[in-house]
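Here's the letter readout for the chains.
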Amino acid sequence: NSIALRLQACERLTLMLERINVPNLLLRINPTAGTSAQEYTANLLLTIREEFEYNVTQQIYVSDALWSIMVQARDNVSQLIIRAAEGAESGEQVASRLRLMSSRQPDDAIGVGQAAIRKEASLVL
């Protein structure tokens with residue numbers, strides 16, 4: 001039973017990473033015409049926070065090292081959003097900058113998190 005819970009936690013954390021991954025986040029949350037950069041940024045950050053809070057209980061089923069990687073992934077995506085919003089005038093401009101910045105990131109926190117989840121799941125099995 002504990003193996004099933006640990007694997008389910010890995011599944012939920014994988015889903016969380018997919019949902020906060022910038023390209024997927026931008027597909028779900030498009031800026032509407034007239035949305036300010038501040039409003040759009042706040043909406044993106046709120047979505048990430050809600051995703052994380054929804055899955056926060058999964059930390060009791062995974063290692064401290066994996067949970068730390070999940071926190072780092074959340075923080076990295078949030079910081080990327082904040083950097084993209086600096087000086088932006090509209091939500092569309094934030095989204096455009098985010099697409100460009102996320103495609104140029106050498107160290108993908110989401111990819112690191114996904115690899116760590118796969119490793120933990122393989123240890124459970």
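Starting afresh in each chain, residues are numbered from 1 along the sequence in its written order. Totals for whole chains, interfaces and linings use every residue, but because this is a predicted model, local features are given only for residues with pLDDT of at least 70 and side-chain atom pairs only at 80 or more, for both listing and counting. Processing note: side-chain calculations cover all non-hydrogen atoms of the structure and skip hydrogens and water entirely.

Regarding the packing of aromatic side chains
Aromatic ring pairs: the centre-centre distance and the angle between the two ring planes describe each pair.
Then comes step 1: Only centres within 6.5 Å qualify two rings of Phe, Tyr or Trp (six-membered ring in Trp) as a pair; their planes then separate them into stacked at under 30 degrees, edge-to-face at over 60, and tilted for everything else. The final tally for this structure, using the stated rule, is one aromatic pair.
Then comes step 2: Each ring, one from F52 and one from W67, has its centre 5.1 Å from the other, and the planes form 35°; the classification is tilted. Here F52 is found in helix α3 (residues 37-55), whereas its partner W67 is found in helix α4 (residues 64-85), with 15 residues between them in sequence. Accessibility classification places F52 together with W67 in one group, the buried group.
Then comes step 3: Definition used: whenever NZ (Lys) or CZ (Arg) falls within 6 Å of the ring centre and also within 35 degrees of the ring normal, the charge is taken to sit over that ring. Lying across the ring of F52, R74 places its NZ or CZ 4.2 Å from the centre. Secondary structure elements follow DSSP: runs of H or I of four or more residues count as helices, runs of E of two or more count as strands, with numbering from the N terminus. Categorising residues by exposure relies on relative accessible area from a 1.4 Å probe, with only protein chains included: less than 20% of the type maximum marks a residue as buried, more than 50% marks it as exposed, and the intermediate range marks it as partly exposed.

Here's the deal with helix α5 (residues 91-103)
Then comes step 1: In a helix, the anticipated span is given by 1.5 Å times the number of residues less one. Taking 1.5 Å as the rise per residue, α5 with 13 residues should run 18 Å; its terminal C-alpha atoms sit 18 Å apart, in good agreement.
Then comes step 2: Residues of α5 that are buried: G91, V94, A95, L98 and S102. End-on, the buried residues of α5 take up no more than an arc of 95°, which puts them together on one face.
Then comes step 3: Turning to α5, the residues buried within the fold contact α2 (22-28), α3 and α4. Here the arc refers to the set of directions running from the helix axis out to each C-beta atom. When checking whether two residues touch, look at their non-hydrogen atoms; a contact exists if any pair is within 4.5 Å.

Observations regarding the environment of A65
Then comes step 1: As for its placement among the helices and strands, A65 is situated in helix α4.
Then comes step 2: In the structure, A65 is positioned 55 residues away from E120 in sequence and 9.7 Å away in space, judged by C-alpha atoms.

What to know about the environment of L125
Then comes step 1: With respect to the helices, strands and loops of the structure, L125 is situated in the segment after α6 (109-124).
Then comes step 2: L125 gets classed as exposed once you look at its relative accessible area, which sits at 75%.

As for the nonpolar core
Then comes step 1: Each nonpolar core is a collection of buried residues, namely Ala, Val, Leu, Ile, Met, Phe, Trp, Tyr and Cys, held together in the definition by side-chain atoms within 4.5 Å. In this structure, L13, L17, M70 and L98 are the most contacted members of the largest nonpolar core, which totals 34 residues.
Then comes step 2: Elements with a contribution of two residues or more to this core: α1 (2-20), α2, α3, α4, α5 and α6.
Then comes step 3: At nine residues, α4 tops the list of elements feeding residues into this core.
Then comes step 4: Among all residues touching L17, those that are not within four sequence positions of it are M70, A73, I110, G113, Q114 and I117.

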